[in-house]
Amino acid sequence: MGFNCGIVGLPNVGKSTLFNALTASAAAAAANFPFCTIEPNVGRVPVPDPRLETIAGIAKSAKVVPTQLEFVDIAGLVAGASRGEGLGNQFLGHIREVDAILHLLRCFADPDVVHVDGSIDPLRDAEIIETELMLADLESLEKRLTGLVKKARGGDREAKESLAIAERAADALRAGQPARALTVADEEKRAFRGLQLLTAKPVLYICNVEEMDAASGNELTRAVEARAAEEGAGAVVISARIEAEVAELPPEERGEYLGSLGLEETGLSRVIHAGYRLLDLITFFTAGPKETRAWTLRRGSKASAAGGVIHSDFERGFIRAETIAYDDFVSLGGEQAARDAGRMRSEGRDYVVADGDILLFRFNV
């Protein structure tokens, strides 16, 4: 599973509490002081998908395996992190390794939980983190530009391509814009990814609220949602405390507890689905008597790449993917019925996989 989301934020906004709840573990030590988290904790969580059980029931599978997303709890950043303040440089490196940033913002007041800046202002907190990431990106680019200029003058074609997008990204950062605000042409995307910029990563704002605001949010969360809409980012309202309580309940009691709070699903489910949308992911399935399994894939990926998600041999020796759309699989009653009805298709390596496809790979190595 290659997709992960880093949970970032200022100290004491609830990151470790949220991480513990999301992963239903106590791996991260939640405490009321800065820099409680010293190494990034990593946890994998199953992606809720009712289609999985439906497919497994039809296929009479002995085992059901959901796809997963990985969450990385990264220690609290502070103003000056890009200059090494707090534990800055170490954790900026951890952020560089994730696919998306889940930016946890404190949207509740509690005199028993100190705020590193002394007051509650999620937009200010978002700006602090964003500024530190932009400063780190700018420093990284300025170090690279000298070398790229020399190589480009020497006729290096790749250096010329990288130099052009690096200069544009540096100009945007100097103007106070994150790298993800750049319009990047298809032919520039490879060079842009190679820059490994922190502010190029997609962002999901998670508003941590008190229990009473979990269902409807509050004025602070609405301000964050407005910012997210302007940026084209995502936003989710969640109560880390509620999630911690839900994680301790037996599964059969969770629905009733959530209902009593006016919630239809856990914050975990909302965060996972928002993370899926943020990373533009889809799910495909493999099904049979032994197991039904869900797999994660970037939208727009081809059948050969989907095979590679399962095993490199599937991609290297790809022959074809026998494909059934989810609706056909369910309405007709399984693989054999779909085959008999002519609804199983034989697709080549360039077929673009659709969300919900049930695939059977044929390969030879």
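Look up: the structure comes first, before these words.
Residues numbered from 1 in each chain as written. Predicted model: local features only at pLDDT ≥ 70, side-chain atom pairs only at ≥ 80, totals over all residues. Heavy atoms only, no water.

K.L.:
How do you make sense of the overall build of the chain when you look at a structure like this?
P.N.:
A count of helical and extended segments in the chain gives 14 helices and twelve strands. Classification of the 365 residues of the chain by burial places 48% in the buried group. When contacts within the chain are restricted to residue pairs at least 6 apart in sequence, those whose partners lie at least 24 apart make up 68%. Carbon and sulfur atoms make up 50% of the accessible area of the chain, which totals about 17300 Å². (Helix = DSSP H or I, 4+ residues; strand = E, 2+ residues; numbered from the N terminus. Buried < 20%, exposed > 50% of the residue type's maximum accessible area, 1.4 Å probe, protein only. Contact = heavy atoms within 4.5 Å. Areas by Shrake-Rupley, 256 points an atom, 1.4 Å probe, with all protein chains shown as cover.)

K.L.:
Please clarify how the packing of aromatic side chains should be interpreted in this entry.
P.N.:
Centre-to-centre distance and the angle between the planes together describe a pair of aromatic rings. Counting across every chain of the model gives five aromatic pairs. Between the aromatic rings of phenylalanine 284 and phenylalanine 361, the centroid separation amounts to 6.3 Å while the plane-to-plane angle is 75°, which identifies the pairing as edge-to-face. Here the residue phenylalanine 284 occupies a position in strand 8 (residues 281-287), and phenylalanine 361 occupies one in strand 12 (residues 358-363), the gap between them amounting to 77 residues. Phenylalanine 361 carries the same exposure label as phenylalanine 284, and that label is buried. An aromatic cluster of at least three residues, connected via ring pairs, comprises Phe284, Trp295, Phe314, Phe318, Phe361 and Phe363. Across the ring face of tyrosine 326, the terminal group of arginine 51 is positioned such that the distance to the ring centre comes to 6.0 Å. Directly above the aromatic system of phenylalanine 108 lies the positively charged group of arginine 106, at a separation of 4.6 Å from the ring centroid. (Phe/Tyr/Trp six-rings, centres within 6.5 Å; stacked < 30°, edge-to-face > 60°. Lys NZ or Arg CZ within 6 Å of the ring centre and 35° of its normal.)

K.L.:
Just to check I follow, could you spell out helix 2 (residues 50-59) for this structure?
P.N.:
At 3.6 residues per turn, the α-helix brings residues three or four places apart onto the same side. Among all positions in helix 2, only Arg51, Leu52, Ile55, Ala56 and Ala59 are buried. For helix 2, the angular spread of buried residues about the axis comes to 130°, placing them on one side. Away from the buried face of helix 2 by more than 90 degrees, exposed residues Pro50 and Glu53 are located. Residues of helix 2 that are buried sit in contact with strand 3 (63-65), strand 8, strand 9 (291-298), helix 13 (326-332) and strand 12. One or two steps after helix 2, the chain reaches lysine 60, where phi turns positive at roughly 55°. (Arc of directions from axis to C-beta.)

K.L.:
Teacher, can you tell me more about helix 10 (residues 267-279) here?
P.N.:
An ideal rise of 1.5 Å per residue puts 18 Å on 13 residues; helix 10 measures up with 18 Å between its terminal C-alpha atoms. Two residues or fewer past helix 10, aspartate 280 is found with a positive phi of approximately 55°. (Expected span 1.5 Å × (residues − 1).)

K.L.:
Explain the side chain of lysine 201 to me, please; I cannot follow it from the model alone.
P.N.:
Along the polypeptide, lysine 201 turns up in the loop between helix 6 (189-194) and strand 6 (203-208). Here lysine 201 sits buried without a salt bridge, and the closest side chain of opposite charge, aspartate 99, lies 6.1 Å off (N-O distance). Within the local environment of lysine 201, its side chain forms a polar contact with the backbone oxygen of valine 98, the two atoms lying 2.5 Å apart. In this view, lysine 201 contacts Ile95, Arg96, Val98, Asp99, Ile101 and Arg180; residues no more than four positions away in its chain are not counted. (Lys, Arg positive; Asp, Glu negative; His and termini not counted. Salt bridge = Lys/Arg side-chain N within 4 Å of Asp/Glu carboxyl O. Polar contact = N/O pair within 3.5 Å; in protein donor to acceptor, adjacent residues only side chain to side chain.)

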